[in-house]
Amino acid sequence: MYKKMGAIALVLSAGLYGSENEVQKEISVKLNESTITSERYEIPVVETAKNVTVISADTLEKRGYQDIEKALVTVPGLSYSDGKISIRGQVPSQANKTSVILIDGIPQNGLDNSSYDLDFIPIEQVERIEVIPSGGAIMYGGRATAGVINIITKGNEDKKYWGSVGYTGGSFNERKYKLNAGTRITGKLALDIKYINQDKEGYVDGTFRDAEFVDIGTEYDLEDGKIGFKYIRNDRKSNWAGGINKKQYEEDRRQNPNEGRVSKDIQDKYIFNFDKKLTKDIDFKIDGEYRERDYSYMYPNKIKTSLKNTEQLYTNSQIKYSYSDKNHLILGGDYSEANVESDSHNSKTGKHTSHTETDYSLVAGYLLNRYYYKDFIFTQGFRVERSKFDNDKTDMASKKTVNSENATTDNSYELTANYMFSESTSGYLSFNRVSRSPNLTEYGSGEWKGGKDPESQTVDTLELGTKTLIGNVYIAGAIFYIGGDKEIVYDPSGDQTDDGYGSWYNMEGRTKRLGIELSSEQYFSKLTTRQGFAYIDNEITSGKYEGKEIPGISKLIYSVGLTYEPIDRLSLNWETLYHGKAYPCNNYENNVEKVGSYTLTNVSAVYFFGNGVSLGAGVNNLFGEEYSDYVTWKKGSKSLTYYPSPERTYYVNAEYKF
């Protein structure tokens with residue numbers, strides 16, 4: 001199979017040499033890529049002391065990605081498991097609590113559940129995606145223990161009217177309709193509206209997803225700045241599939257023992273941003289979001305077993321003071337708060353069993369200094385954040401209320417040194433320590449191992465890396481050591497908690513992750529080839545499971561791909577992803593065989609007609625690999641639970657831009 005793919009690649013490369021100007025243009029784009037995630041202000045990638053990956057809008061269009069997830073899994077060190085993006089070997093069940101997903105600098109991880117929904121982000125409206133592994137904690141706090149993914153959307157165009165309409169159809173009766181329309185009301189005031197309607201059946205029997213997205217934004221250009229307001233509504237209805245045992249998996253991997261369970265999730269977001277250059281040396285920025293969320297979970301008997309209402313607020317402000325030509329100091333702070341009311345009901349009778357009210361707040365301040373000395377660039381960062389949790393849970397039968405409170409202060413540090421060998425080559429060394437308290441979901445789980453109080457986890461990361469352009473080849477790589485203490489993890493079965501109940505708890509002992517990441521792209525006139533590689537040796541280094549591997553983490557992940565443009569405006573793409581074996585999640589004893597190794601090949605084609613119309617089509621998992629990206633172990637019953645992933649799927653795209 002792979003010999004055939006190699007032969008195809010060889011044939012395609014026959015026309016790989018051509019216009020030198022086109023090659024230099026592609027390389028120039030790579031050289032000028034910048035990231036705003038590290039400091040909320042643009043910094044060239046080559047001057048950033050992290051193994052940063054930037055995926056541009058041009059790359060997204062040419063490769064024909066139909067969603068952001070498909071683009072992210074090609075980044076070295078990233079994997080997609082249990083519906084979450086995991087960075088550098090985070091346990092899958094914790095992936096959304098240790099990585100921050102941003103849209104234009106606003107965290108998308110909900111305070112009540114830390115979840116995010118990449119499906120609600122129109123990939124056609126993305127200007128670029130920035131991925132910073134093991135970075136961002138100074139700006140975004142302990143939630144960025146593993147790193148930050150910042151999705152920057154396209155700005156308003158410099159013309160009277162603009163927009164697009166599009167349609168995606170695919171396997172499992174997928175239908176996705178997209179509309180974007182914008183106008184400049186005056187020379188400085190712009191209005192932009194986005195709408196998406198999607199419905200799709202799931203791979204597992206009886207599952208589905210119906211979603212609607214509305215985004216209305218206005219922006220006013222100031223002298224040396226801008227001010228903006230945006231309203232976003234997400235409305236989703238879906239069915240939860242759950243997992244199946246090994247016998248069920250072998251009989252029919254698409255069967256659904258939880259068919260009929262339906263969840264509804266409605267979120268309204270109000271976003272404000274203000275960015276202004278106050279003087280020649282001082283820049284000021286403030287962002288804020290208020291969010292309301294209504295969530296319900298219903299059993300097949302139409303009884304709503306879980307109802308949750310959340311109100312949350314996030315705001316960040318910072319000042320950048322440039323005390324010389326290049327050097328600057330950033331002083332900032334952020335504040336978050338959430339109020340959550342939830343009700344639980346008996347799944348058989350519908351009887352109201354409990355009512356919970358939770359208040360959570362987090363206030364933080366940070367300082368980051370960036371200093372240039374000859375060919376060196378140094379940064380020093382410090383963040384302090386204090387979180388408070390207050391929970392009242394009332395048993396409706398006895399009317400007894402139990403209160404639990406917790407307040408924690410966490411400090412994070414960062415020191416980096418970057419040496420510029422040339423304008424296109426740098427080497428760096430960085431160290432950061434991140435301290436993270438349990439979030440609202442973890443505090444509110446109702447159980448903690450052995451009745452102990454929750455503790456903050458700490459993670460130290462030491463990283464050495466380089467970025468360079470040699471001729472028509474871009475190379476980036478890093479080696480890193482990540483040491484964790486008291487990692488916060490989840491036990492769904494109660495096997496690790498000694499009380500038989502699923503809960504969050506601090507892992508006993510320390511952990512280590514020693515890894516290497518490499519990525520490379522080679523640019524020719526009609527062909528771009530790329531490779532990504534990550535190897536992570538992981539181990540629990542003390543405590544009850546000393547010497548064991550951390551379950552759920554693959555040691556080896558790699559990808560290879562190419563984009564070939566045989567004629568103007570036609571882009572052909574091939575990508576192969578390999579995800580190595582790992583012990584099932586929760587199998588700390590490492591006493592069962594590893595599972596989860598799989599290889600996926602995706603192909604796509606996009607044609608741009610030149611009049612604003614584009615057509616695309618693709619096949620994911622071309623060879624129909626049967627795999628599960630998430631498998632858990634239940635020690636009590638000595639059994640595995642599988643969450644099957646789709647086999648071969650198809651899609652088509654059509655879009656018109658004006």
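Up top is the structure.
The structure reproduced in this document is the subject of the present report. Small disclaimer: the values here were computed from a predicted structure and weren't measured.

Here is what the cut-offs are and how they apply
Residues numbered from 1 in each chain as written. Predicted model: local features only at pLDDT ≥ 70, side-chain atom pairs only at ≥ 80, totals over all residues. Heavy atoms only, no water. Phe/Tyr/Trp six-rings, centres within 6.5 Å; stacked < 30°, edge-to-face > 60°. Helix = DSSP H or I, 4+ residues; strand = E, 2+ residues; numbered from the N terminus. Buried < 20%, exposed > 50% of the residue type's maximum accessible area, 1.4 Å probe, protein only. Lys NZ or Arg CZ within 6 Å of the ring centre and 35° of its normal. Polar contact = N/O pair within 3.5 Å; in protein donor to acceptor, adjacent residues only side chain to side chain. Contact = heavy atoms within 4.5 Å. Pairing = 2+ DSSP bridges. Patch = residues over 30% accessible without salt bridge, like charges linked within 9 Å, V, L, I, M, F, W, Y side chains within 5 Å. Areas by Shrake-Rupley, 256 points an atom, 1.4 Å probe, with all protein chains shown as cover. Salt bridge = Lys/Arg side-chain N within 4 Å of Asp/Glu carboxyl O. Lys, Arg positive; Asp, Glu negative; His and termini not counted. Charge placed at Lys NZ, Arg CZ, Asp CG, Glu CD. Core = buried A, V, L, I, M, F, W, Y, C linked by side-chain atoms within 4.5 Å.

1. Considerations on the packing of aromatic side chains
For the structure on display, the rule yields 17 aromatic pairs. Measuring from centroid to centroid gives 5.3 Å for tyrosine 167 and tyrosine 177, while their planes differ by 50 degrees, and the two rings are tilted. Residue tyrosine 167 is located in strand β10 (residues 161-170), and its partner tyrosine 177 is located in strand β11 (residues 174-184); the two are separated by ten residues in the primary sequence. Overall, tyrosine 177 belongs to the partly exposed group, its relative accessible area being 41%. Note on tyrosine 249 and tyrosine 642: the rings are 4.4 Å apart at their centroids and 20 degrees apart in plane angle, and the pair reads as stacked. One end of the pair, tyrosine 249, is in helix α7 (residues 246-251); the other, tyrosine 642, is in strand β35 (residues 639-644), and 393 residues separate them in sequence. Across the pair, tyrosine 642 and tyrosine 249 agree in class, each one buried. Here arginine 88 stacks its cationic end above the ring of phenylalanine 480, 4.1 Å away from the centre of that ring.

2. Looking at the side chain of glutamate 130
Here glutamate 130 is to be found in strand β8 (residues 126-133). What makes glutamate 130 buried here is its relative accessible area of 0%. Within the local environment of glutamate 130, its side chain forms a polar contact with the side chain of arginine 128, the two groups lying 2.9 Å apart.

3. Remarks on the environment of asparagine 256
For asparagine 256, the location among the structural elements is in the loop between α7 and β16 (262-277). Looking at asparagine 256, the relative accessible area reads 10%, which means it is buried. Residues asparagine 256 and threonine 466 lie 210 residues apart in sequence; the distance between their C-alpha atoms is 47 Å. With sequence-adjacent residues up to four places away left out, asparagine 256 is seen in contact with Val204, Asp205, Gly206, Thr207, Asn239, Trp240 and Ala241. There is a polar contact of 3.0 Å between the side chain of asparagine 256 and the backbone oxygen of aspartate 205.

4. Thoughts on the pairing of β16
The sheet contact formed by strand β14 (residues 225-239) and β16 spans 15 bridges and is antiparallel. Counted as the bridge partner of phenylalanine 229 is phenylalanine 272 from β16. In terms of strand pairing, β16 meets strand β17 (residues 282-298) through 16 bridges, oriented antiparallel. Each residue of the ladder has a partner; that of lysine 276, found in β17, is phenylalanine 284. Connecting the antiparallel pair β16 and β17 is a turn made up of four residues.

5. Here we look at unusual backbone geometry
For arginine 88, which is not glycine, the phi torsion reads 50 degrees and is therefore positive. In this fold, arginine 88 is placed in the loop between β5 (84-87) and α5 (95-98). A relative accessible area of 1% means that arginine 88 is categorised as buried.

6. Concerning the sheet that holds strand β9 (residues 147-153)
In space, the five strands of this open sheet follow the order β3-β8-β9-β6-β7, with mixed pairing throughout. Where the open sheet ends on each side, the last strands, each with one partner, are β3 (53-56) and β7 (106-107). One ladder, built from five bridges, connects strand β6 (residues 99-103) with β9; its direction is parallel. Each bridged residue has a counterpart across the sheet, and for isoleucine 101 the counterpart in β9 is isoleucine 149.

7. Remarks on a positive patch on the surface
Taken together, Lys237, Lys264, Lys302 and Lys304 make up a surface patch of like positive charges. Following the sequence through the fold, lysine 237 ends up in strand β14. Looking at lysine 237, the relative accessible area reads 35%, which means it is partly exposed.

8. As for the pattern of salt bridges
All told, the structure shown has 37 salt bridges when counted by the stated rule. Between arginine 370 and glutamate 47 there is a salt bridge, with the nearest N and O atoms lying 3.9 Å from each other. With arginine 370 in strand β20 (residues 352-373) and glutamate 47 in the loop between β2 (43-44) and β3, this pair connects stretches of sequence that are 323 residues apart. Overall, the relative accessible area of 4% leaves arginine 370 in the buried class. Close ionic contact of glutamate 521 with arginine 63 constitutes a salt bridge, the shortest N to O distance being 3.7 Å. Pair noted here: glutamate 521 is in strand β28 (residues 510-523) and arginine 63 is in helix α3 (residues 57-63), with a separation of 458 residues, a long-range link. Each member of the pair glutamate 521 and arginine 63 is classed as buried. Within the structure, one salt-bridge network assembled from shared partners comprises Asp537, Glu549, Lys555 and Lys594.

9. Focus: the nonpolar core
Ranked by internal contacts, the top residues of the largest apolar core, which has 22 residues, are Ile68, Leu72, Leu118, Ile129, Ile149 and Ile151. Put simply, the parts of the chain that give this core at least two residues each are α4 (68-72), β5, β6, β8 and β9. Filtering out sequence-adjacent residues up to four positions away, leucine 118 remains in contact with Ile68, Glu69, Leu72, Ile85, Ile101 and Ile151. Core analysis: the second largest hydrophobic core is formed by eleven residues, Met139, Tyr140, Ile330 and Leu368 among them.

By themselves, these are just geometric observations and shouldn't be taken as functional.
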